[in-house]
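Now for the letters of each chain:
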Amino acid sequence: MMGPAGLLPTTLAAEDEAALTELYRRGTPANTLRAWERDLAYITAWKAAAFDAPLVWPESERVALRFILDHSVDLAGGAANPARQTAEALMAVGLRRSLDCPAAATLDRRIASWRAFHRMKNLASPFEAPLVAQARIKARRAVARPRVPKSPRPITRAVLEQVLASCDDSLRGLRDRAMLSLAFASGGRRRSEVVALYREDIELGEFDAKGVIWLRLLDTKTTDRSAAPRLPLKGRAARALIGWIQATQIEEGPLFRPISRAGRVLPRRLAPDAMRVILRHRLQLAGLPADYATAHGLRAGFLTQAALDGAPLAAAMQLSLHRSAIQAQRYYADVEISDNPATDLLG
């Protein structure tokens, strides 16, 4: 996992550089560090392919402008040119998928990483230059695309009911019911967050008295271990989780686990894409197409159902852990306006 080593100012003493590197590692979310690592690999390879030269600090405005121009045009089907040759070189080493124009968000993220690398060296970024900054704005508008949802459809309460009805009282049925119910009812958890849960992250102390289970999320897309949120789980979702824990007698280690063909619960955690596979299987058992929705449909479904039920956006965001109200609002905006609870205010 990458820290700022190799990017820091060379004027620092060795011990200061080591201490600052460690500070960056501890003070930066793991997801951001991984994104920096990927982006640095991409930027380095792009510079080598486009200019046959390594990165320099600070980078020149000419290079920054060329980076924007190369990533603001659809190169598929066009004549051979330097931008296309560079893209093909990146595809050859697996750093670019196609000659299609990258999404504006991808370009923005890579530029943001490049700017962060300059800050680590206490240097001005070439992307702040007026001409480069203006080109970036124009590029964002030029490559703008209609928003494509991460799931074909949201898994709202009605759809989830169909899916859960396919779960019997076998160990697989208990696991799948508990996992899918938890993912929806705790705020629309991402699949990575669900498979990362450990039994130690589940607090059952208030269940008998209040019917509430508390989940501790150590690593999410927007938080890290130093600010691990605690989220409540109630009702049928809580009871489903209790049923899974009691049936398996799991006291420590991964909460959701693979089950062997012989019906034995294995000690390891589920694979990262297990929730996707399980959901596809359950959708088919429920009589729906396997591609009806993706695992992200549970997250979209939670917010969509919150909008349909008239839950305030701020209340839904407390559970979904969205940082951006604008992003969360999109799910509310997608609700058919005639179904909006605000249309019934007069009764």
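See the structure printed just above.
These lines cover the structure that appears in this document, whether it is placed above or below.

So, how was this worked out
- Residues numbered from 1 in each chain as written.
- Predicted model: local features only at pLDDT ≥ 70, side-chain atom pairs only at ≥ 80, totals over all residues.
- Heavy atoms only, no water.
- Core = buried A, V, L, I, M, F, W, Y, C linked by side-chain atoms within 4.5 Å.
- Buried < 20%, exposed > 50% of the residue type's maximum accessible area, 1.4 Å probe, protein only.
- Phe/Tyr/Trp six-rings, centres within 6.5 Å; stacked < 30°, edge-to-face > 60°.
- Helix = DSSP H or I, 4+ residues; strand = E, 2+ residues; numbered from the N terminus.
- Lys NZ or Arg CZ within 6 Å of the ring centre and 35° of its normal.
- Pairing = 2+ DSSP bridges.
- Contact = heavy atoms within 4.5 Å.
- Axes fitted to C-alpha atoms, helices over the stretch in contact; angles between N-to-C directions.

**Description of the nonpolar core**
Proteins that are soluble and globular tend to have nonpolar side chains buried together.
Working step 1: Counting residues in hydrophobic clusters, the biggest one holds 55 residues, and the most contacted among them are Leu182, Ile213, Leu241, Trp244, Leu255, Phe256 and Leu298.
Working step 2: Membership of the second largest hydrophobic core comes to 24 residues, among which are Ile43, Ala64, Ile68 and Ala135.

**Brief notes about the packing of aromatic side chains**
Working step 1: For the structure on display, the rule yields 9 aromatic pairs.
Working step 2: Geometrically, the ring pair formed by tryptophan 46 and phenylalanine 67 is edge-to-face, given 5.0 Å between the ring centres and 90 degrees between the ring planes. On the criterion of sequence distance, the pair formed by tryptophan 46 in helix α2 (residues 30-51) and phenylalanine 67 in helix α3 (residues 61-70) is long-range, its members being 21 residues apart. There is no split in this pair, since tryptophan 46 and phenylalanine 67 are both buried.
Working step 3: Judged by centre distance (6.3 Å) and plane angle (75 degrees), the rings of tryptophan 46 and tryptophan 114 are edge-to-face. Highlighted residues: tryptophan 46 in helix α2 and tryptophan 114 in helix α5 (residues 104-120), separated in sequence by 68 residues.
Working step 4: For tryptophan 46, a relative accessible area of 1% puts it in the buried group.
Working step 5: The exposure class assigned to tryptophan 114 is buried, which follows from its relative accessible area of 0%.
Working step 6: Among the aromatic residues, ring-to-ring pairing joins Trp46, Phe51, Phe67, Trp114 and Phe127 into one connected group.
Working step 7: Lying over the aromatic face of phenylalanine 51, arginine 66 brings its terminal NZ or CZ to 5.3 Å of the ring centre.

**A closer look at the sheet that holds strand β2 (residues 213-216)**
Working step 1: What the 3 strands build is an open sheet, ordered β1-β2-β3; its pairing is antiparallel. In this open sheet, the two strands that pair with only one neighbour each are β1 (202-203) and β3 (230-233).
Working step 2: As judged from the 4 bridges shared by β2 and β3, these two strands associate in the antiparallel manner. Paired with isoleucine 213 across the bridge in β3 is leucine 233.
Working step 3: Packing of helix α11 (residues 235-248) onto the sheet brings it into contact with β1, β2 and β3, and relative to β2 it is tilted by some 80 degrees.

Read these as layout, nothing more, since geometry by itself doesn't imply function.
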